[in-house]
Amino acid sequence: EILIQHGYHEVITYSFISPSSWDFIGLTFEDPKRRNLRIVNPLSEDLSLMRTSLIPGLLETVRYNLSRKNSNLKLFELKKVFLPQEGERLPREVKYLAGLAMGLDRDPHWAFPPRPIDFYDIKGCVEDLFEALQLKGAQFKTAEDIPYLHPGKASRIFCGNEALGGLGEVHPQVMGHYGILGKLYLFEIDFELLVKWAKDE
């Protein structure tokens with residue numbers, strides 16, 4: 001409800017992704033998100049891995065919308081990712097919340113002219129979410145090492161010593177891989193950790 005009040009629309013993307021997705025979002029070969037479960041009989045190579053992040057699916061949704069001339073976007077997804085476990089046949093299923101925004105902050109209006117969305121729009125949305133969950137003590141620390149976000153224009157979100165996720169401006173190289181022009185901002189949060197810290201408070 002908080003995200004919808006901020007003008008976001010919920011989307012549901014495939015749980016299966018392409019092996020090229022990790023190259024597209026700039027993950028190194030050592031990144032744990034590259035440890036995927038491969039589907040035995042995939043419909044196609046583009047849908048052959050179980051996702052470990054919601055971000056590739058959201059970026060594909062942006063590409064789809066831009067190809068149809070829809071460039072003012074606020075989208076979010078609250079779904080599971082599938083994380084392989086050492087020595088286990090089945091993955092650990094973890095619920096994540098991810099969202100992105102680009103374009104103008106509102107529809108044209110004679111009294112309130114729209115303006116381009118920026119970093120503080122998406123950060124303010126996340127802060128409102130934390131406030132609604134009565135989560136106190138969350139800290140935003142500048143991050144240089146989130147591969148799909150622009151260095152110096154990104155933050156990690158911490159509660160205590162635990163990283164809940166990150167947010168910021170999408171890296172230009174990632175934008176290029178998906179054929180996206182302009183500026184795009186996103187966040188991705190471990191929802192189960194978020195709920196845990198909200199309960200702890």
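Above this text you will find the structure in question.
In this text the structure is predicted, and so the values were computed from the model without any measurement.

Undergrad: Kindly report on the sheet that holds strand S5 (residues 92-102), identifying the contributing residues and their values.
TA: Strand order in this open sheet of 7 strands is S1-S4-S5-S9-S8-S7-S6, and the pairing throughout is mixed. Two strands in the sheet have a free side with no partner beyond their single neighbour: strand S1 (9-10) and strand S6 (139-142). Pairing geometry for S1 and strand S4 (residues 73-83), over 2 bridges, is parallel. Bridged to His9 within S4 is Leu75. Strands in contact with helix H3 (residues 55-66) are S4, S5 and strand S9 (184-190); relative to S5, the strand with the most contacts, it is inclined by about 35°.

Undergrad: Outline helix H4 (residues 119-132), supporting the account with residue identities and numerical values.
TA: Helix length check: H4, at 14 residues, gives a terminal C-alpha distance of 20 Å against a target of 20 Å (1.5 Å per residue), a fit within 8%. Residues of H4 that are buried include every one of Phe119, Ile122, Lys123, Gly124, Cys125, Val126, Leu129 and Phe130, and no others. At the N-terminal boundary of H4, the capping side chain belongs to Asp118, with an oxygen 3.0 Å from the backbone nitrogen of Tyr120. At the exit of H4 stands Gln134, carrying a positive phi of roughly 55°.

Undergrad: Got a sec to walk through H3? Specific residues and values, please.
TA: When the terminal C-alpha atoms of H3 are compared, their 17 Å separation across 12 residues agrees well with the 16 Å that a helix rising 1.5 Å per residue should span. Of all the residues in H3, the buried ones are Ile55, Pro56, Gly57, Leu58, Leu59, Thr61, Val62 and Asn65. If you follow the buried residues of H3, they end up packed against helix H2 (21-24), S4, S5, helix H5 (172-178) and S9.

Undergrad: Outline the side chain of Asp105, supporting the account with residue identities and numerical values.
TA: Mapped onto the elements, Asp105 comes out in the loop between S5 and H4. Classification of Asp105 as buried rests on a relative accessible area of 15%. One polar contact links Asp105 to Arg106, side chain to side chain, over a distance of 3.4 Å.

Undergrad: Summarise the pattern of salt bridges; cite the residues concerned and give the values.
TA: For side chains of opposite charge, pairing can occur when their charged atoms come near one another. In total, this model carries 14 salt bridges according to the counting rule given. Where Arg106 meets Asp105, a salt bridge forms, and the shortest distance between an N and an O atom there is 3.4 Å. Take Arg106: its relative accessible area is 39%, and that puts it in the partly exposed class. Between Lys196 and Glu162 there is a salt bridge, and its shortest N-O distance comes to 2.7 Å. Linking Lys196 in helix H6 (residues 191-200) with Glu162 in strand S8 (residues 162-170), this pair joins segments that are 34 residues apart in sequence. Residue class for Lys196 comes out partly exposed when judged on its relative accessible area of 35%. The structure contains a network of salt bridges with shared partners spanning Asp105, Arg106, Arg115 and Asp121.

Undergrad: I'd like a rundown of the pairing of S9, residues and numbers included.
TA: The side chains of a regular strand alternate between both faces of the sheet. Burial of S9 is extensive: 7 of the 7 residues sit out of reach of the surface. The side-chain alternation of S9 yields two buried faces, one formed by Leu184, Leu186, Glu188 and Asp190 and the other by Tyr185, Phe187 and Ile189. Note that S5 and S9 share 7 bridges and pair antiparallel. Of the residues in S9, the one forming a bridge with Gly99 is Phe187.

Each value, and the rule that gives it
Residues numbered from 1 in each chain as written. Predicted model: local features only at pLDDT ≥ 70, side-chain atom pairs only at ≥ 80, totals over all residues. Heavy atoms only, no water. Pairing = 2+ DSSP bridges. Helix = DSSP H or I, 4+ residues; strand = E, 2+ residues; numbered from the N terminus. Contact = heavy atoms within 4.5 Å. Axes fitted to C-alpha atoms, helices over the stretch in contact; angles between N-to-C directions. Expected span 1.5 Å × (residues − 1). Buried < 20%, exposed > 50% of the residue type's maximum accessible area, 1.4 Å probe, protein only. Polar contact = N/O pair within 3.5 Å; in protein donor to acceptor, adjacent residues only side chain to side chain. Salt bridge = Lys/Arg side-chain N within 4 Å of Asp/Glu carboxyl O.

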